[in-house]
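Residue strings, one per chain:
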Amino acid sequence: MTNSAASETKPEVVIELKQMNKWYGDFHVLKELNLTVTKGEKIVVCGPSGSGKSTMIRCINRLEEHQAGQIIVSGTELTEDLKAINEVRSHVGMCFQHFNLFPHLTVLQNCCLAPIWVKKIPQAEAEKIAMKFLERVKIPEQADKYPGQLSGGQQQRVAIARSLCMNPEIMLFDEPTSALDPEMVREVLDVMVELAEEGMTMICVTHEMGFAKQVADRVIFMDRGEIIEENVPTEFFDNPQSDRTKLFLSQILNH
Amino acid sequence: MTVHEFKPDLAPPTSARGVVGWLKYNLFNGPVNSIFTLLLIYLVIPPLLSAFQWIFIDADFIGDSRDACTSDGACWVFISSRFEQLIYGFYPSEERWRVNIVFVSFALIIAGLIWPKTPQKTKLAIFSLVIYPIIVFYLLIGDSFGLAKVDTHQWGGLMLTLTLAVVGIVAALPFGILLALGRRSDMPIIRSFSTIYIEFWRAVPLITVLFMASVMLPLFVGSEVDFDKLMRALIGIIMFQSAYMAEVIRGGLQAIPKGQYEAGEALGLNYWQSTGLIILPQALKITIPSIVNTFIALFKDTSLVLIIGLFDLLAIGQSALADPAWLGFSTEMYVFVAFVFWVFCFGMSRYSVYLENKLHTGH
Ligand SMILES: Nc1ncnc2c1ncn2[C@@H]1O[C@H](COP(=O)(O)OP(=O)(O)OP(=O)(O)O)[C@@H](O)[C@H]1O
Ligand SMILES: [Mg+2]
C-alpha cells in the first residue's frame, strides 16, 4: 500500500518517538520507545491489557507527559511549552474508548465547539463544516439530538466527526470499538476504513484484527511498556517472531 | 425464506382512568395503602381546617386599631397597620416610590430571565448584572441626580432582606466558582489559599462573621474609611456564602468524569475554555438542587443581621411586637413574616425544579 509513494521521494515523517520513557511515580510504564510514522501511514497497536498502549498514544497529544526521550509531531517537539502543546494538538485528533462527548451539548454543538473557540471560525461556517462531517459519518439527521439520546455506535461516529471538524492531520484512536455492542462495531469500523482510504495518518489501538489486516500498514505489538514486535500485517499475523506475540495472538484469535 | 413483515408504528395507548380510577389506584390500592391514606387524612385534615378557620374565617381584616379585633381568629389589622414599615423599614415615606420602582423593575427582570421565550436573554442578563445594580444603587441611596440622600441605616423590612439576599446570592456564586476551581488547581499557592479560605469561613457561624464584619473590619481597613454598616454586613455575608458555595460547586466538579477534560484538551481548548464551556455547565447543572438549597438557607439567614443593628423583615416585625398598643398579637406577626419568607423560598425551590427538568438532556 505504501511502497508506490515511498519509491519516489522520502516520505514525510509526521510522528517520531525517540528513546521515549514514561513513569507513573516509580512505575516505569513506557520503556525506550522508538517509533516513526510517515504521512498517510496507518498503524495498529495491540498488546495485553496494561501494556501501555493507551499511555503511549496519549503521550502523542500530551494528555500524558513523558519524562525522557523525545516526541516530535509534525515537526514540533513536545515539551513543557504550552505553545508547542497547542500546536501539536491542532494537528492531532483523538477518539476515546468511551467517546467522551459533551452530554450538555447537542451533536452539532459538540462538533462546532472547538472550531468556534479554538479556530475562531464564525458559527454559521462552523455548522456547515460540522454538517459536512456528520454526513461523512452518516448521521446528519441526528445533529440536534443530545449524545444521551444516541446509541453507542452513533456516539462514537459523532466523536470521530467532532475530531475531524478540527481538520487534523493525524488521528489517534484508543480502542474506539471496545465499549460497543457487537452489532455497532461494524458501523464505526466502516467509518474508520473510509477515513484510512482517504489517506489520513492513523494510530489505532484496537483488537479488531480484521480491521488491522484490512487497513494497517504496520502492526505494533506492545507488552510491559515495550514495543516487542513491529511488522506488516501479513507477516505479523502469519509469521510472528517473538513468543510473546505468538501467545497473545493465539489468545485473541481463539477467542 | 420468508420476509419478515415489520409492524407499523402505533401511537401509545392513552390511559383514561378518570378521577375515581386514579384515587383507587393511587390511594386505596390494597389494605396497607388504604390505612395509610385514612390515617393521613385523620392527622392532617383537622389541623388544616382549624388553621384555615383562624386565618380566614374567624379573622379580622378591616380597621385601623386593635379595637377592630373583635373575633376569635387572627387580627390582620395589626399587619396592615404596620405594613409599610414591614416593607420599607424607615425609608422616608415621600421617597418610597424609589423602592417601588426597584421592586417592580426587579420583578420584571426576574420574570424576563425566567420566561423561556424572552428575546436577547443574554443581553438582559448582562444588563441586570452590570448596569442594573448601579442604577439601583443610585436610586436607593440618592444624593445625586436630584434625589434626596437616604442613608442605609434607614433601610429595613423586606427591602433590606431582599437586598441582603440578592446581593449575597449574586456575588457569592462567582466567588464560589472561583474558589472551587482554585481548590482543585494544580498551582499550590492558589490551592492552599482557596482551601484555607474555605475552611476558615465555613467553620465559623454566620453570626460571628457578621459580628466580626461589623466590629473587626474597621480595625483592618483603618478607621478613616467610614464603612457603611450595610456594606459591612454584605461583605461578611458574601465571604461566608462564597465558602459554602465553593464546596457545593466543588462537589459538582468532582462528579465530572476525567474524560470530559481530556476531550476538551484533545480538541485544543485551553483551561478557561474547557472549564467555562464543558466542565462548569455540567457541574452547575448537577448541583442546582444544592446551590438553590444554599440560596434558600442564605435567604433565611439574612435575618441574623439583627444582631448588628440592621432591621430586616423579621426584626421590624419583632420591634412592632413591643408596641404597647398591639400587645398580644405576636402570632399574627410571626405567621405573616413566615409566610413572606416561605413565598420567596418556595419560589426559588420551584424554579430549581423547573431548571433541572429543562436542562435534562437524556441519561
Ligand atoms: N494515571 C495512572 N497512574 C498510575 N498508573 C497508571 C495510570 N494510568 C495507567 N497506569 C498503569 O500503567 C499501565 C499501562 O496502562 P495503559 O492504560 O496504558 O494500558 P493499556 O495497554 O492501554 O491497557 P488496556 O488494554 O487495559 O487499555 C497499567 O499498568 C496501568 O495500571
Ligand atoms: Mg487502554
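Parameters at a glance
- Residues numbered from 1 in each chain as written.
- Chains lettered and ligands numbered in written order.
- Predicted model: local features only at pLDDT ≥ 70, side-chain atom pairs only at ≥ 80, totals over all residues.
- Heavy atoms only, no water.
- UniProt positions renumbered as here; feature names shortened; annotations may be inferred.
- Helix = DSSP H or I, 4+ residues; strand = E, 2+ residues; numbered from the N terminus.
- Rg over C-alpha atoms; globule rule 2.2 N^0.38 Å.
- Contact = heavy atoms within 4.5 Å.
- Buried area = accessible area lost by both parts, 1.4 Å probe.
- Salt bridge = Lys/Arg side-chain N within 4 Å of Asp/Glu carboxyl O.
- Polar contact = N/O pair within 3.5 Å; in protein donor to acceptor, adjacent residues only side chain to side chain.
- Nonpolar A, V, L, I, M, F, W, Y, C, P; charged D, E, K, R; others polar.
- Phe/Tyr/Trp six-rings, centres within 6.5 Å; stacked < 30°, edge-to-face > 60°.
- Buried < 20%, exposed > 50% of the residue type's maximum accessible area, 1.4 Å probe, protein only.

- The name an unreviewed UniProt entry gives chain B is Amino acid ABC transporter permease, with Alginatibacterium sediminis as the organism.
- Here is the UniProt Sequence similarities (unreviewed entry) comment for chain B, exactly as written: "Belongs to the binding-protein-dependent transport system permease family. HisMQ subfamily."

- Looking up chain A in an unreviewed UniProt entry gives the name Amino acid ABC transporter ATP-binding protein, with the organism given as Alginatibacterium sediminis.
- Taken verbatim from the UniProt record of chain A, the Subcellular location (unreviewed entry) comment is "Cell inner membrane".
- Recorded under Sequence similarities (unreviewed entry), the UniProt text for chain A is reproduced unchanged: "Belongs to the ABC transporter superfamily."

1. Observations concerning the overall build of chain B
And step 1. The helix and strand inventory of chain B stands at 14 helices and zero strands.
And step 2. Secondary structure elements of chain B occur, N-terminal to C-terminal, as α-α-α-α-α-α-α-α-α-α-α-α-α-α.
And step 3. Taking 2.2 N^0.38 as the reference for a compact globule, 363 residues should give roughly 21 Å; the C-alpha atoms of chain B span a radius of gyration of 26 Å, well beyond that estimate.
And step 4. Taken along the three principal axes of its C-alpha coordinates, chain B extends 95 × 65 × 40 Å.

2. With respect to the UniProt feature "transmembrane region" (unreviewed entry) in chain B
Residues and elements named next belong to chain B.
And step 1. As annotated by UniProt and renumbered to match this structure, "transmembrane region" (unreviewed entry) occupies residues 35-57, 97-115, 124-141, 161-182, 203-221, 304-321 and 333-353.
And step 2. Across residues 35-57, helical content stands at 100% and strand content at 0%; the span's end C-alpha atoms are separated by 31 Å.
And step 3. Annotation note: span residues 97-115, helix share 95%, strand share 0%, distance between end C-alpha atoms 27 Å.

3. Observations concerning the interface of chain A and chain B
And step 1. Across the boundary between the two partners, chain A contributes 24 residues, which contact 18 residues of chain B.
And step 2. Summing both partners gives a buried area of about 1900 Å² for chain A against chain B, and 61% of it is carried by carbon and sulfur.
And step 3. By the criterion of area lost to chain B, the three top residues of chain A are A:R89, A:F102 and A:H104, representing 27% of everything that side buries.
And step 4. The tally of links from chain A across to chain B stands at two salt bridges.
And step 5. Salt-bridge contacts for A:R89 lead to B:E265; the nearest nitrogen and oxygen are separated by 3.0 Å.
And step 6. The interface formed by chain A and chain B includes seven residue pairs in polar contact (both at pLDDT 80 or more).
And step 7. Listed by contribution, the elements that provide at least two residues to the side of chain A that touches chain B are α3 (82-91), β6 (92-95), α4 (107-117) and α6 (152-164) of chain A.
And step 8. Looking at the side of chain A that touches chain B, its residues break down into 13 nonpolar, six polar and five charged.

4. Observations concerning the UniProt feature "domain: ABC transporter" (unreviewed entry) in chain A
And step 1. On the UniProt side, "domain: ABC transporter" (unreviewed entry) is annotated at positions that read residues 15-249 of chain A here.
And step 2. Taken end to end, residues 15-249 of chain A is 39% helix and 26% strand, and its two terminal C-alpha atoms sit 27 Å from one another.

5. Remarks on the packing of aromatic side chains
And step 1. This model, assessed by the stated rule, comprises 19 aromatic pairs over all chains.
And step 2. Taking 5.2 Å as the distance between ring centres and 90° as the angle between the ring planes, the aromatic pair formed by A:F236 and A:F237 counts as edge-to-face. Both residues of the pair, A:F236 and A:F237, count as buried.
And step 3. For the ring pair B:F339 and B:W342, a centre distance of 6.5 Å and an interplane angle of 25° mean the geometry is stacked.

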